[in-house]
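# Chain and residue survey
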Amino acid sequence: MCYRQTNQRTIFISETLRVRLLRMKLLQVLKYLDNRRLVHKEAINFCQSILRKKLVDWEAVYRFNLSQPIRGVDLVVTIGGDGTLLQASHFVDNSIPVLGVNSDPTQAKEVEEYSEEFDASRSTGFLCAATVKNFEQIIDDILESRVRPSEVSRMSVTLNSKQLSPYALNDVLIAHPCPATVSRFSFRTKKEEQSCSSLVHCRSSGLRVSTAAGSTAAMLSAGGFAMPILSKDLQYIVREPIAPGAYNSLMHGIVKPEELMDIAWYCKEGLIYIDGSHLVHSVQHGDIIELSSNAPTLKVFLPSHLIS
């Protein structure tokens, strides 16, 4: 009897300690997330304070309140990371330059310190030329015309000859709505209505096509390669092809600026994801999708290391 009581007490103490440890870890994560929120808020306030000092008119807009094309301005400043810049790009034509401010850059020491606890990565700002450390200097350089924006390629997507919006800055994924279901499609590249490649028949988990800007994101993770940021080429990769056989060498390749990718969809249903999961178009059996870099470019002030 005493043994059982001791054993139960030991278990109780052990479980209590475990709960305390889990609670401590949870509090640590919540503290980290709250710190990220504060850092981002402080970055917004800092950038606004800098703009107030300049002889410019400006207006703050929350990213999820964007619904109409941005017009009548000389510059769009995004504060966040690549996702914020990406969303803003869908409302900007090729006449208005964009400056991205990474509000909360990842800190290598922090990632290493918490590597056994949780992912301490912060904001990704591959396309962002500024942080709070250099924002005022870059704004001054822009206002004084000491720097010029680069023109980054975007991708045109048509469905049965109808132009879909927006133009993709990063990538396009075409796949069955259910990730466990096989996607069936065929594709070839064309140039001026003439085929540049053989017709490739695929059974896979979908097709991803990226611009140069998007080649360092999901494309790179899927086995693609990083492209020069100012390249006009598109890169494609068939995701997890099933027994490609003779088509194996065609599962990954390049679509040149003068070419387009012609895709025939052979599943009952499918989805076209443009720049992530928020912008989605439905496709059905027999639909024809065309992808090309024949799209308005985006003017972006890029980090110097990308264009040097």
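As annotated in an unreviewed UniProt entry, the protein carries the name NADH kinase and is attributed to Nicotiana tabacum. The record in UniProt for the protein states the following under Subcellular location (unreviewed entry): "Cytoplasm". Listed in UniProt under the heading Sequence similarities (unreviewed entry), the comment for the protein reads: "Belongs to the NAD kinase family."

## Re the pairing of strand β9 (residues 200-204)
Alternating positions in β9 separate cleanly, Val-200, Cys-202 and Ser-204 being buried on one face and His-201 and Arg-203 remaining unburied on the opposite face. Pairing geometry for strand β7 (residues 183-191) and β9, over 5 bridges, is antiparallel. Residue pairing across strands places Arg-184 opposite Arg-203, the latter belonging to β9.

## Points about the pairing of strand β15 (residues 279-284)
Summarising the sheet, strand β14 (residues 269-274) and β15 pair through 6 bridges and their orientation is antiparallel. In the sheet register, Tyr-273 faces β15, and the bridge partner there is Val-280. Between β14 and β15, which follow one another and run antiparallel, lie 4 residues, and Asp-275 among them has a positive phi close to 55°.

## Observations regarding the environment of Ser-115
Summarising the element assignment, Ser-115 is placed in the loop between α3 (108-113) and α4 (135-143). Looking at Ser-115, the relative accessible area reads 48%, which means it is partly exposed.

## Some words on unusual backbone geometry
The omega angle of the peptide bond from Ser-165 to Pro-166 is 0°, so this bond is cis rather than trans. Secondary-structure assignment places Pro-166 in the loop between β5 (162-163) and β6 (171-175). Positive phi, close to 60°, is recorded for Ser-145, a residue that is not glycine. Examined against the element boundaries, Ser-145 turns out to sit in the loop between α4 and β3 (150-152).

Definitions and limits used
- Residues numbered from 1 in each chain as written.
- Predicted model: local features only at pLDDT ≥ 70, side-chain atom pairs only at ≥ 80, totals over all residues.
- Heavy atoms only, no water.
- UniProt positions renumbered as here; feature names shortened; annotations may be inferred.
- Buried < 20%, exposed > 50% of the residue type's maximum accessible area, 1.4 Å probe, protein only.
- Helix = DSSP H or I, 4+ residues; strand = E, 2+ residues; numbered from the N terminus.
- Pairing = 2+ DSSP bridges.

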